[in-house]
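# Descriptive analysis of the structure
Here is how the chains run, residue by residue.
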Amino acid sequence: SRMMKFPELLCLGEPMLEFNQQPDERYLAGHGGDTSNVAVAAARQGASVGYLTRIGRDGFGESFMQLWEEEGIDTRGVETCVDGHTGIYFVTHGPDGHRFSYHRAGSAASLMTPGFLPRDMIRDARILHLSGISMAISDSAADTVFAAIALAKEAGVKVSVDPNLRLKLWPLDRARAMTHAAMAEADIALPGLDDATLLTGKSNPDAIADFYLGLGAGTVALTLGEEGCLIATASDRKRLPGHTADAKDATGAGDTFDGSFLAEYLRTGDPFAAGRHANMAAALSTRGFGAVGPMPRRPEVEAALASPSEQTPAD
């Protein structure tokens, strides 16, 4: 078999199949899991992407292998195993909004250990991306994440972290300690405002950016929901306003931002260009339901950025 070169962006974490309750009480199946969503978003922006995880030998795992193949995502770092199932979750809708119910305990991904890591793939990458959830699912998964970070740093590979706080998975003090530890190793910090406020105790976007720059990140891209994002480096920062999309469902918008940011950063090396691209991609992704379906592809994002309404005078 022909040796494919390894991908530039590797995402490490847990894919989860989503069952979303519809108005007629049936459930619509979809692909979720933050780092898998990030991989898809990046691939749709033209990046070369691989996913690192363990899945069960089940229909849900097969469904993800099919998704990744269709999206052009390298699966040589995916291990199919008999000792755990592929995680699933249900989204139900009620008078007070939507609720998530997870069935992920003992999942294949949560049984990851450092020995599972494809060292050669990590050494050949340009960016390794992971999230707070990648660490929260189990102690062995957290060990795996820090082992992957160490391999990446040793090889001069950049590390990208989205804290993606899920308090159902771990208590805040532990989440804080672990995500701060990962962020201290990160070159690219991709926090969302709500998570960052809980984790840092600060609510001012500039103060949050300063906090993560202070931990050691070279670039901070802080998403502010409908308000857009703040991109900050040690020498410069820019606030990019949000786009008024005809928003139906914001599920996966943060993941779309992350994947689009990393893809554009790999292409240009410019965090501000990456932020502008990701800001638009995230807005476009809210126009349809589910995480993966409405994620835009590069030409659509470029067309939206080139539209006359975007051509504001440079300050």
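Residues numbered from 1 in each chain as written. Predicted model: local features only at pLDDT ≥ 70, side-chain atom pairs only at ≥ 80, totals over all residues. Heavy atoms only, no water.

Turning to its location among the elements, Ser 36 is positioned in helix α1 (residues 34-44). Residues within four places of Ser 36 in sequence aside, it is in contact with Pro 15, Tyr 51, Phe 64, Leu 67 and Trp 68. (Helix = DSSP H or I, 4+ residues; strand = E, 2+ residues; numbered from the N terminus. Contact = heavy atoms within 4.5 Å.)

Moving on, we come to helix α6 (residues 172-183). Look at α6: 16 Å from first C-alpha to last across twelve residues, which is about the 16 Å you get at 1.5 Å a residue. Taken residue by residue, α6 has Ala 175, Met 178, Thr 179, His 180, Ala 182 and Met 183 as its buried positions. Those residues of α6 that are buried are in contact with α4 (132-136), α5 (139-154), β9 (158-162), β10 (188-189), α7 (193-200) and α8 (205-215). (Expected span 1.5 Å × (residues − 1). Buried < 20%, exposed > 50% of the residue type's maximum accessible area, 1.4 Å probe, protein only.)

As enumerated under the stated definition, the model contains eleven aromatic pairs in all. Between Phe 211 and Tyr 212 the ring centres are 5.3 Å apart and the planes differ by 85°, which places this aromatic pair in the edge-to-face class. With a centroid separation of 6.1 Å and an interplanar angle of 10°, the aromatic rings of Phe 261 and Tyr 265 are classed as stacked. Taken as a pair, Phe 261 and Tyr 265 lie in helix α9 (residues 253-268) at a separation of four residues, close to a single helical turn. (Phe/Tyr/Trp six-rings, centres within 6.5 Å; stacked < 30°, edge-to-face > 60°.)

A few words on the sheet that holds strand β6 (residues 87-94). A sheet is described by the order of its strands in space; here four strands give the open sequence β3-β2-β6-β7, paired in mixed fashion. What marks the edges here is a single partner per strand, and that holds for β3 (27-32) and β7 (97-103). Here the strands of the sheet are splayed against their neighbours by 25° on average, with no regard to which way each runs. Sheet analysis places strand β2 (residues 16-21) next to β6, joined by five bridges and oriented parallel. Residue Met 16 lies in a different strand from β6, and its bridge partner there is Gly 87. Contacts from helix α2 (residues 59-70) reach β2, β3 and β6, with the element oriented near 100° to β2. (Pairing = 2+ DSSP bridges. Axes fitted to C-alpha atoms, helices over the stretch in contact; angles between N-to-C directions.)

Bridge count between β6 and β7: seven bridges; the pairing is antiparallel. Bridge assignment links Gly 94 to a residue of β7, and that residue is Gly 97. Count of turn residues in the β6/β7 antiparallel hairpin: two residues.

Once that is clear, we can look at the pattern of salt bridges. Scanning all chains against the criterion turns up 16 salt bridges. Between Asp 83 and Arg 54 there is a salt bridge; the shortest N-O distance is 3.1 Å. Placement of the pair is Asp 83 in the loop between β5 (78-81) and β6 and Arg 54 in strand β4 (residues 49-56), with a sequence separation of 29 residues. Judged by its relative accessible area of 43%, Asp 83 is partly exposed. Arg 54 sits in the buried class, given a relative accessible area of 8%. With its nearest N and O atoms 2.8 Å apart, the salt bridge here joins Arg 174 to Asp 139. A residue pair is termed long-range when its members are at least 10 positions apart, and Arg 174 in helix α6 and Asp 139 in helix α5 qualify at 35 residues. Of the residues examined, Arg 174 reaches a relative accessible area of 34% and is grouped as partly exposed. Overlapping salt bridges bring together Glu 264, Arg 267, Arg 298 and Glu 302 as one network. (Salt bridge = Lys/Arg side-chain N within 4 Å of Asp/Glu carboxyl O.)

Take the packing of α7 against α8 next. It is at 11 Å that the axes of α7 and α8 come closest, and there the two elements cross at 65°. Between α7 and α8, the crossing angle belongs to the class labelled roughly perpendicular. Crossing geometry of α7 relative to α8 is assigned as left-handed. From α7, Leu 193, Ala 196, Thr 197, Leu 199 and Thr 200 reach across to α8, where they touch Ile 208, Phe 211 and Tyr 212. Considering only residue class, the contact of α7 with α8 consists of six nonpolar, two polar and no charged. (Parallel < 35°, antiparallel > 145°, perpendicular 65-115°, else oblique. Left-handed = near helix turned anticlockwise from the far one by under 90°. Nonpolar A, V, L, I, M, F, W, Y, C, P; charged D, E, K, R; others polar.)

On to the state of the cysteines. Here a disulfide denotes one covalent bond, and it connects the sulfur atoms of two cysteines. Inspection of the entire model under this criterion finds zero disulfides. Between Cys 81, a free cysteine, and Cys 11, which holds the nearest cysteine sulfur, the sulfur-to-sulfur gap is 19 Å. Cys 229 takes part in no disulfide bond, and the closest cysteine sulfur to it belongs to Cys 11, at a distance of 19 Å. (Disulfide = S-S within 2.5 Å.)

What follows is about the packing of helix α10 (residues 271-285) against helix α11 (residues 298-306). Remark: α10 packs on α11, axes separated minimally by 9 Å, with the N-to-C direction vectors making an angle of 105°. With respect to their mutual orientation, α10 and α11 come out roughly perpendicular. Residues Arg 276, His 277, Met 280, Ala 281 and Leu 284 of α10 form the contact with α11, whose own contacting residues are Arg 298, Glu 300, Val 301, Glu 302, Ala 304 and Leu 305. Considering only residue class, the contact of α10 with α11 consists of six nonpolar, one polar and four charged.

This part takes up the environment of Thr 92. With respect to the helices and strands, the residue Thr 92 is situated in strand β6. As a C-alpha pair, Thr 92 and Leu 224 span 132 residues in sequence and 26 Å in three-dimensional space.

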